Amino acid sequence: MNKQMNIAIDGPAGAGKSTVAKLVAERLSFLYIDTGAMYRALTYAALEEGVDLKDGQSLHKLLSKITISLNHEESRITVLVNQKDVTEEIRSKEVTSNVSLVSSHEQVRVEMVERQRELAKSGNSVLDGRDIGTFVLPNAQLKVFLTASVEERARRRFEEHEAKGIASDFEQLKKEIAKRDELDSTRDFAPLKKAIDAVEIESTKMSIHEVAEKIIKLAKERTV
Ligand code: CDP
Ligand code: CDP
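It should be emphasised that the depicted structure is a prediction, and the values quoted were computed from it without experimental measurement.

Engineer: What is the right way to read the side chain of Asp131 from this model?
Structural biologist: Residue position: Asp131 is located in the loop between β6 (125-129) and α6 (132-136). Beyond its immediate chain neighbours, meaning those up to four positions away, Asp131 contacts Asp10, Arg109, Val113, Val136 and Ala190.

See the structure below:
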């Protein structure tokens, strides 16, 4: 593909955004930018520093003092806060249950969005998140809104936990996912929402590869 393009993949928790975005980026030799990892990294730093998560100003102050890097090492992506590897830590239960509160603050989002636009400015990137198509990159050449039933998304997360040997309860996971979706969709500033020009892919019955193939096909169509 010769033409520069950015691909935005938004959707609720556990829909398969990061797995699929990574595959699509690999196949097209694009840069993958996991914006959720950036909000998770800030949440981790705030918990470490004991910052009040309800206080947007203090969170913004903390964010302005830290570097968040998404490092690509062969096929592994690591997340660093001030050069410290926090790839595992940002997936903890504590971070997951607090990240929606941290990312609800306008001051936090404005700064994060600036960083995300800077990362994507040369084009040929795949970004996944909640507000990429609606707010971060409103001119992205391809926007995908990826969904799946809450039951299926909880099942996927449950299986992921089982594979990693993390004990979890299916009903509890379902509740947590539904709660995060609710918080992310109802916040005032840049909520989770399908962009009007996004292609919706309902993936409840689709495999990772089927979703990735569909997105790659759409991307190729948009470059001719
Ligand atoms: O992978 P998972 O769906 O669990 O979440 P994530 O993509 O890592 O995002 C974690 C949280 O960050 C979301 O629940 C949102 O609260 C927030 N987020 C956001 O507000 N905007 C984005 N562009 C990406 C994530
Ligand atoms: O990033 P997001 O929270 O949207 O989801 P993810 O972390 O990419 O995917 C959650 C889990 O679902 C992963 O373990 C994927 O391997 C799995 N998955 C799946 O089984 N089938 C799909 N069509 C998409 C994802």
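Engineer: Explain the site of ligand 1 here, please?
Structural biologist: In the region of ligand 1, 19 residues are neighbours, and Arg40, Arg109, Arg157, Arg180 and Asp184 sit closest. Contact between ligand 1 and Arg40: an oxygen atom at 2.7 Å from a side-chain N or O atom of the residue. With respect to ligand 1, the side chain of Arg109 contributes an N or O atom lying 2.7 Å from an oxygen atom. Contributions of two or more residues to the shell around ligand 1 are made by α2 (35-49), α4 (93-102) and α8 (170-186). Element by element, the count of residues in the shell around ligand 1 is highest for α2, at 4 residues. Residues belonging to the shell around ligand 1 are distributed by class as follows: 3 nonpolar, 6 polar and 10 charged.

Engineer: Would you mind going over the nonpolar core with me for this structure?
Structural biologist: Burial of nonpolar side chains together is a common tendency in soluble globular proteins. Leu42, Ile66 and Met112 are the most contacted members of the largest nonpolar core, which has 34 residues in total. Only α2, α3 (56-65), β3 (68-73), β4 (76-81), α4, α5 (106-119) and α6 provide two or more residues apiece to this core. The leading source of residues in this core is α2, at 8 residues. Residues in contact with Leu42, not counting those within four places in the same chain, are Leu59, Leu62, Leu63, Ile66, Ile68, Val102, Val108 and Met112. Membership of the second largest hydrophobic core comes to 23 residues, among which are Met5, Ala21, Ile201 and Ala219.

Engineer: Looking at this structure, I do not really get the UniProt feature "domain: Cytidylate kinase" (unreviewed entry) in the chain. What am I missing?
Structural biologist: Residues annotated by UniProt as "domain: Cytidylate kinase" (unreviewed entry) correspond here to residues 7-220. The annotated region residues 7-220 carries 52% helix and 17% strand content, and the separation between its end C-alpha atoms amounts to 11 Å.

Engineer: Honestly, unusual backbone geometry in this entry has me stumped. Any pointers?
Structural biologist: For residues other than glycine, phi is negative in most cases, and the peptide bonds are mostly trans. Within the chain, Gln83 stands out as a residue other than glycine whose phi angle is a positive 70°. Residue placement: Gln83 occurs in the loop between β4 and β5 (84-85). With a phi close to 50°, Asn124 is a non-glycine residue in the positive phi region. If you trace the backbone, Asn124 turns up in the loop between α5 and β6. Given the relative accessible area of 19%, Asn124 is considered buried.

Engineer: Any chance you could explain α8 here in plain terms?
Structural biologist: Turn by turn, an α-helix covers 3.6 residues, leaving residues three or four places apart pointing in a common direction. The terminal C-alpha atoms of α8 lie 24 Å apart, and with 17 residues this matches the ideal 24 Å at 1.5 Å per residue to within 8%. Taken together, the buried positions of α8 are Leu173, Ile177, Arg180, Asp181 and Asp184. Down the axis of α8, the sector holding all buried residues measures 100°, keeping them to one side. Those residues of α8 that are exposed and aimed more than 90 degrees away from the buried face are Lys175, Lys179 and Glu182. The inward-facing, buried residues of α8 abut α2, α4 and α7 (150-164). Its side-chain oxygen placed 3.3 Å from the backbone nitrogen of Glu171, Asp169 serves as the N-cap of α8.

Engineer: Just checking my understanding: could you explain the environment of Val99 for this structure?
Structural biologist: Along the chain, Val99 turns up in helix α4. Distance in space between the C-alpha atoms of Val99 and Gly165 is 23 Å, their sequence separation being 66 residues. Those residues in contact with Val99 that lie beyond four places of it in its chain are Tyr39, Arg40, Thr43 and Arg180.

Engineer: Got a minute to help me understand a negative patch on the surface in this structure?
Structural biologist: On the surface, Glu48, Glu49, Glu73, Glu74, Asp85, Glu88, Glu89 and Glu94 cluster together into a negatively charged patch. The exposure class assigned to Glu89 is partly exposed, which follows from its relative accessible area of 32%.

Thresholds, definitions, all that
Residues numbered from 1 in each chain as written. Chains lettered and ligands numbered in written order. Predicted model: local features only at pLDDT ≥ 70, side-chain atom pairs only at ≥ 80, totals over all residues. Heavy atoms only, no water. Helix = DSSP H or I, 4+ residues; strand = E, 2+ residues; numbered from the N terminus. Contact = heavy atoms within 4.5 Å. Near = heavy atom within 4 Å. Polar contact = N/O pair within 3.5 Å; in protein donor to acceptor, adjacent residues only side chain to side chain. Nonpolar A, V, L, I, M, F, W, Y, C, P; charged D, E, K, R; others polar. Core = buried A, V, L, I, M, F, W, Y, C linked by side-chain atoms within 4.5 Å. Buried < 20%, exposed > 50% of the residue type's maximum accessible area, 1.4 Å probe, protein only. UniProt positions renumbered as here; feature names shortened; annotations may be inferred. Expected span 1.5 Å × (residues − 1). Arc of directions from axis to C-beta. Patch = residues over 30% accessible without salt bridge, like charges linked within 9 Å, V, L, I, M, F, W, Y side chains within 5 Å. Areas by Shrake-Rupley, 256 points an atom, 1.4 Å probe, with all protein chains shown as cover. Salt bridge = Lys/Arg side-chain N within 4 Å of Asp/Glu carboxyl O. Lys, Arg positive; Asp, Glu negative; His and termini not counted. Charge placed at Lys NZ, Arg CZ, Asp CG, Glu CD.

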